[in-house]
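# Examination of the molecular architecture
Letter by letter, the chains look like this.
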Amino acid sequence: MNLPSLSLVLMVGCIRFLTATEIKRIEEQDVVLPCQHRFGHLVTKNLDIEWLLQDSDPNQKVVITYSSGSVYENVSAKQRGRISFAADYLMGDASIKISSLQATDSGLYTCKVKNAGEYDLKSAINLVVLVRPSKPMCWTQGKLLQGNDIKLQCRSEKGTEPIFYRWQHILDAEGQQTKFQTRSHIDSRTPEMLLLRNLSHTNAGVYQCSASNEAGQQSCFVNITITYSKDPGIIAGAVIGVMLGLLLIFLIVWCTLYRKAKRKYEEEEQPNEIREDAEAPKAKLNSTQSSVGTGSTQSGSCSVKSIRNGTPYSQQPRTPSAKEDKGPVSYTTTEEVKTNKNGPTQAHMRRLGAVPVMIPAQTRAFQTV
């Protein structure tokens, strides 16, 4: 082949590549790549059909062929069972069908038809298989405290580039729909990141991140719940106040119990008290029958419990002085008290309201000469 012929072949190849028909399909869909040839009315025993694929590998691969009356459609391991002729290739339609498209099916497909040494070359077809974005993951960076700055991140692991990200504040803290101005929070260089500054109650709620491309869209959600921080001084004051309140309650309870115990103790001890320094009531003897001889006084005598101002108290008998011994002893009561030779009887004392008690033998009550 001379130089002009080689140049012509290269030029034709470049023109075919530049004029390739582009077909876009989404992953998992089916596609039909057309190929119409002009040898349908001729004898088919010399007919050869060949489909070639040029993908990321620079070398072309045969994906399906017809030669010598047989079809070979399991040539490519990646497309085995998914590729076949779509029409009557012997009658001039050598189109092929690829089922359940995968991302690896993308590439430049070329249909070559030859009959008895004569070629019918067709324009190449650029098949683009679009992959939807995978469901994105949403997460937060930073502590959700009032006044803090946080970042909301969103990322799809798979999908045909370019993938576009869009953040929306769809629900507020009360579950109501809200408007969200994304431009004020999103950097165009990193659209998958949303920056929230100086968190407040207006930032709380549900956020949606949408990842989209030509094939479709997927979304994820993140709920922002803001924790309101408190001043350490307020917290310390509250703790101290609670402690003082508990201490005051303890003191009140303790004082109440102490007073009750003390009152109960006094009530139990008061009836048994004997006042040794109390004076005996004065008595008046109107006759010599009420006098008591000094020799006839027994060793034991009684004390008189009188009532003064409505309060009972005990009195110990006292020894009369020399002046009192010379004259008769009188009682202050208007009623004359009758005594026997040994002194006032127990019945007389009981009528006067006295309670008899035992006193030491050293003291002699109502002793007269």
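Basis of the calculations
- Residues numbered from 1 in each chain as written.
- Predicted model: local features only at pLDDT ≥ 70, side-chain atom pairs only at ≥ 80, totals over all residues.
- Heavy atoms only, no water.
- Phe/Tyr/Trp six-rings, centres within 6.5 Å; stacked < 30°, edge-to-face > 60°.
- Helix = DSSP H or I, 4+ residues; strand = E, 2+ residues; numbered from the N terminus.
- Buried < 20%, exposed > 50% of the residue type's maximum accessible area, 1.4 Å probe, protein only.
- Core = buried A, V, L, I, M, F, W, Y, C linked by side-chain atoms within 4.5 Å.
- Contact = heavy atoms within 4.5 Å.
- Salt bridge = Lys/Arg side-chain N within 4 Å of Asp/Glu carboxyl O.
- Polar contact = N/O pair within 3.5 Å; in protein donor to acceptor, adjacent residues only side chain to side chain.
- pLDDT = per-residue confidence, 0-100.

## Concerning the packing of aromatic side chains
Any aromatic ring pair is given by two values, namely how distant the centres are and how the planes are angled relative to each other. Per the counting criterion, the structure on display carries three aromatic pairs. Centroid distance Y66 to Y89: 5.0 Å. Interplanar angle 50°. Geometry classified as tilted. Of the two residues, Y66 is situated in strand β4 (residues 61-67) and Y89 in the loop between β6 (83-85) and β7 (96-98); the sequence distance between them amounts to 23 residues. A residue is classified by how much of its surface remains accessible, and Y66, at 6% relative accessible area, is buried. A network of ring pairs unites the aromatic residues Y66, F85 and Y89 as a single cluster.

## Some thoughts on the nonpolar core
Most often, soluble globular proteins have nonpolar side chains that are buried together. Counting residues in hydrophobic clusters, the biggest one holds 25 residues, and the most contacted among them are L33, I49, W51, F85, I98 and L127. Among the secondary structure elements, those contributing two or more residues to this core are β2 (31-33), β3 (47-54), β4, β6, β7, β8 (107-115) and β10 (125-130). Broken down by element, this core gets its largest block of residues, four residues, from β3. Those residues within four positions of I98 in sequence are excluded, and the remaining contacts are Q29, D30, V31, L33, Q79, R82, I83, D105, Y109 and L127. Counting 17 residues, the second largest nonpolar core, distinct from the first, contains I150, Y165, A211 and V222.

## Some remarks on the pattern of salt bridges
The full count for this structure, using the stated rule, is nine salt bridges. Ionic pairing is found between K114 and D48, a salt bridge with its closest N-O pair at 3.9 Å. Taken together, the residues K114 in strand β8 and D48 in strand β3 connect sequence positions 66 residues apart. The exposure class of K114 is partly exposed, given its relative accessible area of 27%. In this structure D48 comes out as partly exposed when scored by relative accessible area, which is 24%. Taking the shortest distance from any N to any O, the salt bridge between R155 and E192 comes out at 3.3 Å. Taken as a pair, R155 in strand β12 (residues 150-155) and E192 in strand β15 (residues 190-196) lie far apart in primary sequence, 37 residues in all. When salt bridges with common partners are traced through the structure, they connect D55, D57 and K61 into a single cluster.

## What to know about the side chain of T65
With respect to the helices, strands and loops of the structure, T65 is situated in strand β4. At a separation of 2.8 Å, a polar atom in the side chain of T65 contacts the main-chain carbonyl oxygen of I49. T65 has contacts with I49, E50, S70, V71, Y72 and F85, leaving out every residue within four places of it along the chain.

## Digging into the confidence of the model for the protein chain
Should the pLDDT be low somewhere, the predicted coordinates at that spot are not to be read in detail. For the protein chain, the mean per-residue pLDDT works out to 75, and 63% of the residues sit at or above 70. With pLDDT under 50 throughout, residues 319-327 is counted as low confidence; its partners more than four residues away or in other chains account for seven contacts. Segment residues 329-339 is flagged for pLDDT under 50; beyond a separation of four residues in sequence, or across chains, it makes 29 contacts in the model.

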